[in-house]
Amino acid sequence: QVQLTESGGKLVQAGASLRLSCTASGHTFSAYAMGWFRQAPGKERDIVAAISRSGDNTYYADFVKGRFAISRDNVQNTVYLQMNSLKPEDTAVYYCNAIEVLTDTSFSAHWGQGTQVTVSS
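Residues numbered from 1 in each chain as written. Predicted model: local features only at pLDDT ≥ 70, side-chain atom pairs only at ≥ 80, totals over all residues. Heavy atoms only, no water.

> Sorry if this is basic, but what is going on with the state of the cysteines here?
Each disulfide consists of a covalent bond between the sulfur atoms of two cysteine residues. For the coordinates displayed, the defined rule picks out 1 disulfide. Covalent S-S linkage joins C22 and C96, the inter-sulfur distance amounting to 1.8 Å. Torsion about the S-S bond of the C22 and C96 cystine: about 55°, corresponding to right-handed handedness. Linking C22 in strand β3 (residues 18-24) with C96 in strand β9 (residues 92-98), this pair joins segments that are 74 residues apart in sequence. When its relative accessible area of 0% is taken as the criterion, C22 is described as buried. The class for C96 is buried, based on a relative accessible area of 1%. (Disulfide = S-S within 2.5 Å. Helix = DSSP H or I, 4+ residues; strand = E, 2+ residues; numbered from the N terminus. Buried < 20%, exposed > 50% of the residue type's maximum accessible area, 1.4 Å probe, protein only.)

> Just to check I follow, could you spell out the sheet that holds β3 for this structure?
For sheets, the rule is that strands pair by backbone hydrogen bonds, running either parallel or antiparallel. If you trace the 4 strands from one edge of the open sheet to the other, you get β1-β3-β8-β7, paired in antiparallel fashion. Two strands close off the open sheet at either side, each with one partner strand: β1 (4-7) and β7 (68-73). Neighbour to neighbour, the strand axes of the sheet diverge by 15° on average, direction disregarded. Two strands pair when backbone bridges link them, and β1 and β3 are joined in this way by 4 bridges, in the antiparallel orientation. Its bridge partner being in β3, S7 is matched across the sheet by S21. (Pairing = 2+ DSSP bridges. Axes fitted to C-alpha atoms, helices over the stretch in contact; angles between N-to-C directions.)

> What is the right way to read the side chain of S21 from this model?
Among the structural elements, S21 can be located in strand β3. Apart from residues lying up to four places away in sequence, S21 is in contact with T5, E6, S7, W36, T78, V79 and Y80. (Contact = heavy atoms within 4.5 Å.)

In short, geometric facts, not functional conclusions.
Next comes the structure, spelled out in structure tokens:
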């Protein structure tokens, strides 16, 4: 079983940058395409970005394209989300998980505590 731990969230001003990290336990990290998700109060959890197993392919939601960059280090078992030009609407709890969570209920067991990103205007 994979345990996911997010870190790096902070209170920042609009226009600032942050880098979030997601570390995974276990030895099969490289077998999973990974994604970053976020959930604001009263809202559903949305996918923000995704990265393939090898790191060669990435996906970004329209609302972060051009501002955020996802990357991974399979040696360190870590997925990163570089966030630039942050906006107040980016305020949310950010989570990581395998992309399979979108279609396989069993992956819901891997949701961690997430990391809070708060962007002030």
